[in-house]
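# A closer look at the structure
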Amino acid sequence: MRYAMAVDTQKCVGCNDCVVACQTENDVPIGHCRDWIVEVTTGTYPDLGLEIRSERCNHCANAPCVRTCPTEASHYAAGGIVLVEEDECIGCKACITSCPYDARFIHPEGYVDKCTFCIHRVEKGQNPACVSVCPTHAMIFGNLDDPNSDISKAMATRKWKSLIPEAGTEPKVFYLL
Amino acid sequence: MNRREFIKIAGVGAGSLAFATPLFDFSKEEILAPDAHPGMYSKRTPTYCEICFWKCAGWVHTNDKGQIWKITGNNDDPHSNGRLCPRGTGGVGMYTDEDRLKTPLIRTGERGKQVFREATWDEAFTYIADGLKKIAEEHGPECVALFTHGSGGKYFGDLIKAYGSKNIAAPSYAQCRGPREVGFIATYGEGVQSPERVDIRDTRCLVLIGSHFGENMHNGPVQEIAQATGKGATIITVDPRFSTVASKSKFWLPIKPATDMALLLAWMHVIINEDLYDKEYIEKYAYGFEDLKAHVAQMTPEWAYGITTIKPEVIRETAREMANASPRVIVHPGRHVTWYGDDTQRLRAVAMLNALLGSWGRRGGYYYPAKVSFKSFPHPAFPKPARSWKDAFPGKYKLAGLALASGICDATVPSSERDCSFKGWIVNGTNLIHTLPNQENTLKAIDALDLMVVIDTMPMEITGYADVILPECTYLERYDNIRVGPHREPTIALRMPAAKPKYNTKPAWWMAKGIAEKMGLGHYFAWKDIEEKLEWELKQVGSSLEEMKRLGVKKFQRDDDDPLYPMEDLDDFEFYTNTGKIELYSTAMEDEGYDPLPKYTAHEEPPYGYYRLIYGRAPMHTFSRTANNPNLTDLMDENSVWVNPKVAQEWDLKNGQYLWLENQDGVVSKTPIKVRITERIRFDSVYMVHGFGHTNNKLTRAYGRGASDADLITKVHIDPVMGGTGMRGNFVTFRFEAGKELSS
């Protein structure tokens, strides 16, 4: 089982619903977020392009945060989901420094926090909160090892990219183009 | 146990709980089910959202301590399809906001100075009842008006109708969608309504003129646009700004602002002259085609190019794109359409273009909505008022179908030309200082009032001017009327309290009934409490409060003789117009002395060094209503002014610098605004999101953040047909200090 997410940049309108849904679902303190929106404008008026992406922890298969964590608080859980065991976390920020995606932050209670792919929902067969609320159905979550999963089908039929592939982290959040 | 600990435990047990028991037991009224950990329960209560007018139905989830945890969409709701927008998801912030109005307040200082004393509900009601009685005795009850936005308005509306006035105005008419309703009624005999009757889901081509779906998060249409484009529909967006939806469009027409009418006329010219219109449909249903053909004969794409800056071949190509999709094409009427003062005529042109394409009453075009026939709890007949707001405007705005908020405001400013000016305002849930253009005029009107009552959940600019402030509890803490909205399928939706009202706040129904009782008008509110009223009303449609608490949304069947697309197969149909036809040539407009066919009028252009002020929406905010919401301000806590890089270079502006905006009348924004240099805006315009620049320091998160476009809208172009306030004819320049003249 390899959990992954695909964000359809053709559908994403950058409304931030994923951000606020994550905050309420996971009780993320105001002022912090586990997912966020990036908008990239290209070209000169009136020949313009705009890419909008909902970004979060990439749950990398070769995660630098897991490698650098001195206490093994950052670890791989079921389906390759990268989690932080907060009681083991000493707040040294090695993982924050090593993450090329800037996906982690220090929770006001002192440990490192980030996206969990809503593992508590996934275990019940539900989508992560961000996926479940997205008004334009721009996000697909599923198992890459299952060729019949929606995400596998989307990846097989659409052009896609991942972020900073040259970092060799093997990210598992993909952007459909 | 808090939520975070719970996640951790769930994480440790990874895999073992997969596909456990369903989260909710749908057979029970109070839906309780064990979550992943024993003792962790969640309960859900139905609601419909109050953060915007879309009123999406959803569920409020509370944890085992009875605290509101999150809000999600109701899968049976056609407004939300189970998915709320960011504002609906973040609606919980409206409840938790610690700056909320907490208890009734009575003004003790000068209007606008925000000096109040706390009062009991009884004191507040007595003050209001005495004030209303005095106005009725001295001037007549018709001199009281209600301004309203939102659910509570129904109860205060009944209150002032019982009192003897029918002056009930929503700024959503004359400051927003009014011209569209009038333009479409003049053409089809029916308006577009809300939610808009557009069949985006099944369209093949969607044309948006200034509509910025995605940034404007009208939930249903945004969802349907994604659905339609996923099935191959194309979008044509006309906007001087490269909006989010422009970036998703096959064609983006970066039009010179204020010239849309020329484009619409040229499109009609191409569609008629290239024989692209739906001939059978026009022959069967339309009146005045030959007049229209002659009218647009000279309005070629080459003519329009000189006005709009859109190349002739692009005008032709986009007209053909629409015609290829016909009849499954929607030239969208937009919603906030009070732009230049000839807005009813522009929306007439939109309506006519749709008719040429045969899209009205057709799949993928405009559908015929259905609504549950819903009876309100019986009350005695309301007294017949002797006067209405219209008497203040003899011979003007003859096609205005609803009261004009701006008109009532104008008719409050004392004038020797009128026998009676308005003396009392009840303002429910609308921050008129930011809603109405021309603040100076609004303040003059307020100054002339004998009584002003404001009902809101939050302190706003308008609350500062009130004599009495009544603190309403949020939509998460109250019942309201059943939502009975028109849609493809008729539905009803329930809102009920998910938590007890915080502080000393109360629902609108309780306030209106209390004031009515104080005034001896209690018999108009003959129910014991809201539950009794709702129970009676639901019984009439074969439901009950118990059922609605369980379902949240109840679906009804459409009548068989009420087709969704009555023109699909060219069946006979009589339109509610003078001719019984779709009026390309409007006899109603002609009868009232307005142009029966829309004409292009050149609008004023920005003077040298000034830029047209364009304003719009951000997906995570609804006007003032969300300005201080902790969850939503966390996503966006100030607006910025979008400036084209060429303009920025001329003025030596830097990204992120703060400056003030000054308009053509020398009015300067009250607060500074951050510069955003972006290619996404035309060189002759600037853009900002509406709803920021709050000056009430009781809004701790919103105070002084960003600037208000409303401050700068001092020039208003009134629509002669229906009194809409055109607000896009204001021009701004940059200034680098507050309150001083520019040196260069």
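As the structure is a computational prediction, the values presented were derived from the model and not from experiment. (Residues numbered from 1 in each chain as written. Chains lettered and ligands numbered in written order. Predicted model: local features only at pLDDT ≥ 70, side-chain atom pairs only at ≥ 80, totals over all residues. Heavy atoms only, no water.)

In this section: the overall build of chain B. The secondary structure content of chain B amounts to 23 helices and 27 strands. The C-alpha atoms of chain B give a radius of gyration of 26 Å, which matches the 27 Å a tight globule of 744 residues would have. With respect to the three principal axes, the spread of C-alpha positions in chain B is 70 × 65 × 60 Å. Counting every position in chain B, which comprises 744 residues, the buried fraction comes to 65%. Within chain B, contacts between residues at least 6 apart in sequence are counted, and of these 72% link residues at least 24 apart. When the accessible surface of chain B is summed, it comes to about 26500 Å², and 49% of that surface belongs to carbon and sulfur atoms. Of the side chains in chain B, 90 bear a positive and 95 a negative charge, and the two mean positions are spaced by 4 Å. (Helix = DSSP H or I, 4+ residues; strand = E, 2+ residues; numbered from the N terminus. Rg over C-alpha atoms; globule rule 2.2 N^0.38 Å. Buried < 20%, exposed > 50% of the residue type's maximum accessible area, 1.4 Å probe, protein only. Contact = heavy atoms within 4.5 Å. Areas by Shrake-Rupley, 256 points an atom, 1.4 Å probe, with all protein chains shown as cover. Lys, Arg positive; Asp, Glu negative; His and termini not counted. Charge placed at Lys NZ, Arg CZ, Asp CG, Glu CD.)

As a further point, take the nonpolar core. If you look at the biggest cluster of nonpolar residues, it comprises 74 residues, and the most contacted ones within it are B:Trp267 and B:Met322. A per-element tally of this core places helix 8 (residues 260-273) of chain B first, with 10 residues. When sequence neighbours within four positions are dropped, the list of residues in contact with B:Trp267 reads B:Val207, B:Ile209, B:Ile236, B:Val238, B:Leu253, B:Ile315, B:Thr318, B:Ala319, B:Met322 and B:Leu353. Counting residues in hydrophobic clusters, the runner-up holds 58 residues, among them A:Val122, A:Cys130, A:Cys134 and A:Ala138. (Core = buried A, V, L, I, M, F, W, Y, C linked by side-chain atoms within 4.5 Å.)

Turning to the environment of A:Thr41, a few remarks are in order. By secondary structure assignment, the location of A:Thr41 is in strand 2 (residues 35-44). The class for A:Thr41 is partly exposed, based on a relative accessible area of 31%. Residues A:Thr41 and A:Glu166, spaced 125 residues apart in sequence, show a C-alpha to C-alpha distance of 22 Å. Beyond its immediate chain neighbours, meaning those up to four positions away, A:Thr41 contacts A:Leu48, A:Gly49, A:Leu50 and B:Arg680.

So, on to the confidence of the model for chain B. All names here are of chain B. The share of residues in chain B with pLDDT of 70 or more is 94%, and the mean pLDDT across the chain is 92. Counted against residues more than four places away or in other chains, residues 1-40, with its pLDDT under 50, gives 76 contacts. In this model residues 740-744 is a low-confidence stretch, pLDDT under 50, and it forms 6 contacts with partners more than four residues away in sequence or in other chains. (pLDDT = per-residue confidence, 0-100.)

Now for the interface of chain B and chain A. Listed by partner, the interface residues are 50 residues for chain B and 52 residues for chain A. For the chain B and chain A pair, buried surface summed over both sides reaches about 4300 Å², with 57% attributable to carbon and sulfur atoms. Counting every contact that joins chain B to chain A gives 2 salt bridges. The residue B:Arg680 makes a salt bridge to A:Glu39 at a minimum N-O spacing of 3.1 Å. The tally of links between chain B and chain A comes to 16 residue pairs in polar contact (both at pLDDT 80 or more). Of all the elements in the fold, those that place two or more residues in the side of chain B that touches chain A are helix 1 (3-12), strand 4 (68-73), helix 2 (86-89), helix 7 (219-230) and helix 21 (630-633) of chain B. (Buried area = accessible area lost by both parts, 1.4 Å probe. Salt bridge = Lys/Arg side-chain N within 4 Å of Asp/Glu carboxyl O. Polar contact = N/O pair within 3.5 Å; in protein donor to acceptor, adjacent residues only side chain to side chain.)

Residues and elements named next belong to chain B. The 4 strands lie next to each other as 11-10-9-13, forming an open sheet whose pairing is parallel. Single-partner strands in this sheet number two, and they are strand 11 (251-253) and strand 13 (329-331). If you compare each strand with its neighbour and ignore which way they point, the axes differ by 10° on average. Sheet analysis places strand 9 (residues 205-209) next to strand 13, joined by 3 bridges and oriented parallel. Across the sheet, the residue bridging to Leu206 is Ile330, located in strand 13. Helix-sheet contacts for helix 13 (residues 343-356) involve strand 9 and strand 13, and the interaxial angle to strand 13 is about 165°. (Pairing = 2+ DSSP bridges. Axes fitted to C-alpha atoms, helices over the stretch in contact; angles between N-to-C directions.)

Residue and element names in this part refer to chain B. Between helix 6 (residues 171-188) and helix 13, the shortest axis-to-axis distance is 8 Å and the interhelical angle comes to 45°. Overall, the two elements helix 6 and helix 13 adopt an arrangement that is oblique. In this structure, the crossing between helix 6 and helix 13 has a hand that is right-handed. Contact with helix 6, carried on its side by Pro179, Arg180, Val182, Gly183, Phe184, Ala186, Thr187 and Tyr188, involves Asp343, Thr344, Leu347, Arg348, Val350, Ala351, Met352, Asn354 and Ala355 of helix 13 and no other residues of that element. (Parallel < 35°, antiparallel > 145°, perpendicular 65-115°, else oblique. Left-handed = near helix turned anticlockwise from the far one by under 90°.)

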